[in-house]
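# Report on the structure
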Amino acid sequence: MDRIDALKAIAGQAQRGELAFPTSVDATLKLQRALADPDCHLEAAARLVQAEPVLAARTVAIANSAAYNHTGHDVTNVNAAVQRVGFRTLGALASSVIVRQLAGELTDPLLRAKADQLWQHSAHVAALAQVLARRVSRVDSDTALFAGIVHEVGGFYLLSRAAEFPGLLDDCTDDWLDHGEVPIGRAVLLKLGVPAPVTGAIEALWNGMRALPPETLGDTLLLANDLAPVASPLHERPGATTAQGATTIDLTSGEGTLARVLAESADEVRSLAAALL
C-alpha cells in the first residue's frame, strides 16, 4: 500500500468512527467527562486529578506558572492548584494528557522524536494563543489555550498509526495536507467531544484564512501558530508565515504593538509552555 492509499485508509476508518485509541486515552476521557460535570465540586475534582499523576503534576505546574501565579506564592498541592486554575483550565489540561497519550506508546525513535516535536509545537501555540486572546483579540483566553492544545490532535493520531504503515511519514507534507489532516482531524475532534467554536477555529487554521489584527478565535490560533518557535514536524502549511518572517509580524492592538505585547508577556508564555511540556 503506498502512502496516499494508507492515508486514505486511515482517514476512511476515522470518518466511520473506527478510531483505535490506546486504553489510557479512554480512561482519561472518562476523567475529562467527570470534571465537566456541573455537579463536580472542587474537592471531588482534586481527588480525580490526584488519581492521574501526569495531570496532577501538570496542574500544579500550570498553577505556579507566571500566567496563573500573580502573587508570587507557589502552591504545593493539587487542591490549591485546582482552586487557582479553575475548572475550565483543568479541562484543557486533561485534554493535553489525552493528546500526549495518543502517541504515548510509540517505540520507534524517529516517530517518538516527531511526537515530541509536535507536542512542543502545540504547547507553544497554546501558550501564545492564551496571551494573544487576553491582550490582543479579546476572545476567551481559556478557550484559546484549549484550542492550541488540541489543534494538532489529528497529527498525533496519525503518528499513533504510523508504525502500521512503513514509510507513511517519509516526506509526507503534501499528502498529509491533501488526504489526511482535515478528515482525520475532524474525526478525532468529534471523538474527543471538542466544542464547535474550537473546532471552527481549527478549521480556520486548516483553511489558512485570518485577519490582522486578530479578531476571532481562529485568527488568534493562526497567529499563535505562525509565532510558535517550534514548527510542526508534519507540515508547513502553504502560505504560512516562516519562522523568520514571523519575527517581523507586528500590528497595533489596544495595548500598543504586538511586539510590545509579546515582549511584556515573554516570561508568561515561556513558563506556561514549559508547564505544559
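Residues numbered from 1 in each chain as written. Predicted model: local features only at pLDDT ≥ 70, side-chain atom pairs only at ≥ 80, totals over all residues. Heavy atoms only, no water.

The protein chain carries the name HDOD domain-containing protein in an unreviewed UniProt entry, which gives Massilia agilis as its organism.

## Some words on the overall build of the protein chain
Assigned secondary structure in the protein chain consists of 15 helices and two strands. In terms of C-alpha radius of gyration, the protein chain reaches 18 Å, essentially the compact-globule figure of 19 Å for 277 residues. Reported as C-alpha extents along the three principal axes, the dimensions of the protein chain are approximately 55 × 45 × 35 Å. Within the protein chain, buried positions represent 52% of all 277 residues. (Helix = DSSP H or I, 4+ residues; strand = E, 2+ residues; numbered from the N terminus. Rg over C-alpha atoms; globule rule 2.2 N^0.38 Å. Buried < 20%, exposed > 50% of the residue type's maximum accessible area, 1.4 Å probe, protein only.)

## Here's the deal with the packing of helix α11 (residues 196-207) against helix α12 (residues 217-227)
Closest axis-to-axis distance for the α11/α12 pair is 8 Å, and the angle between their directions is 50°. One way to sum up the angle between α11 and α12 is to call them oblique. Taken as a pair, α11 and α12 cross one another with a handedness that is right-handed. Contact with α11, carried on its side by P197, V198, A201, I202, A204 and L205, involves L217, G218, L221, L222 and N225 of α12 and no other residues of that element. When the residues that make up the contact of α11 with α12 are grouped by side-chain class, the tally is nine nonpolar, two polar and no charged. (Axes fitted to C-alpha atoms, helices over the stretch in contact; angles between N-to-C directions. Parallel < 35°, antiparallel > 145°, perpendicular 65-115°, else oblique. Left-handed = near helix turned anticlockwise from the far one by under 90°. Contact = heavy atoms within 4.5 Å. Nonpolar A, V, L, I, M, F, W, Y, C, P; charged D, E, K, R; others polar.)

## A look at empty space enclosed by the protein
Summed over all chains, the structure comprises one cavity of 30 Å³ or more. Approximately 40 Å³ is the volume attributed to the largest cavity. What lines the largest cavity is simply H151, E152, V153, G154, G155, W176, E181, G185 and W206. Sort the elements by how many residues they give to the lining of the largest cavity and helix α8 (residues 153-161) lands first, with three residues. Split into classes, the residues belonging to the lining of the largest cavity amount to three nonpolar, four polar and two charged. (1 Å grid on protein atoms, 1.4 Å probe; cavity = no way out; pocket = protein on both sides within 12 Å on 5 of 7 lines; lining within 4 Å. Points joined across faces, edges and corners; volume = space filled by probe spheres on them.)

## Observations concerning the pattern of salt bridges
One pass over the full model with this rule turns up 10 salt bridges. For R161, the salt bridge is made with E164, and the minimal N-O distance between the two is 2.7 Å. You can call R161 buried: its relative accessible area is 6%. We classify E164 as partly exposed; its relative accessible area is 48%. Of the charged contacts, one joins R270 and D267 as a salt bridge, the two residues approaching to 2.2 Å between their closest N and O atoms. (Salt bridge = Lys/Arg side-chain N within 4 Å of Asp/Glu carboxyl O.)

## Considering the layout of surface pockets
Of the voids in this model, the largest pocket is the one considered here, and its volume is about 450 Å³. Around the largest pocket sit 19 residues that line it, and Q32, G91, A92, F146 and P195 are the ones nearest its centre. Considered class by class, the residues forming the lining of the largest pocket number 10 nonpolar, five polar and four charged.

## Some thoughts on the environment of N225
Note on placement: N225 falls in helix α12. For N225 and L168, which are 57 residues apart along the polypeptide, the C-alpha to C-alpha distance reads 24 Å.

## Brief notes about the environment of L48
Along the polypeptide, L48 turns up in helix α3 (residues 42-50). L48 gets classed as partly exposed once you look at its relative accessible area, which sits at 29%. As for L48 and L159, which are separated by 111 residues in sequence, their C-alpha atoms are 29 Å apart.

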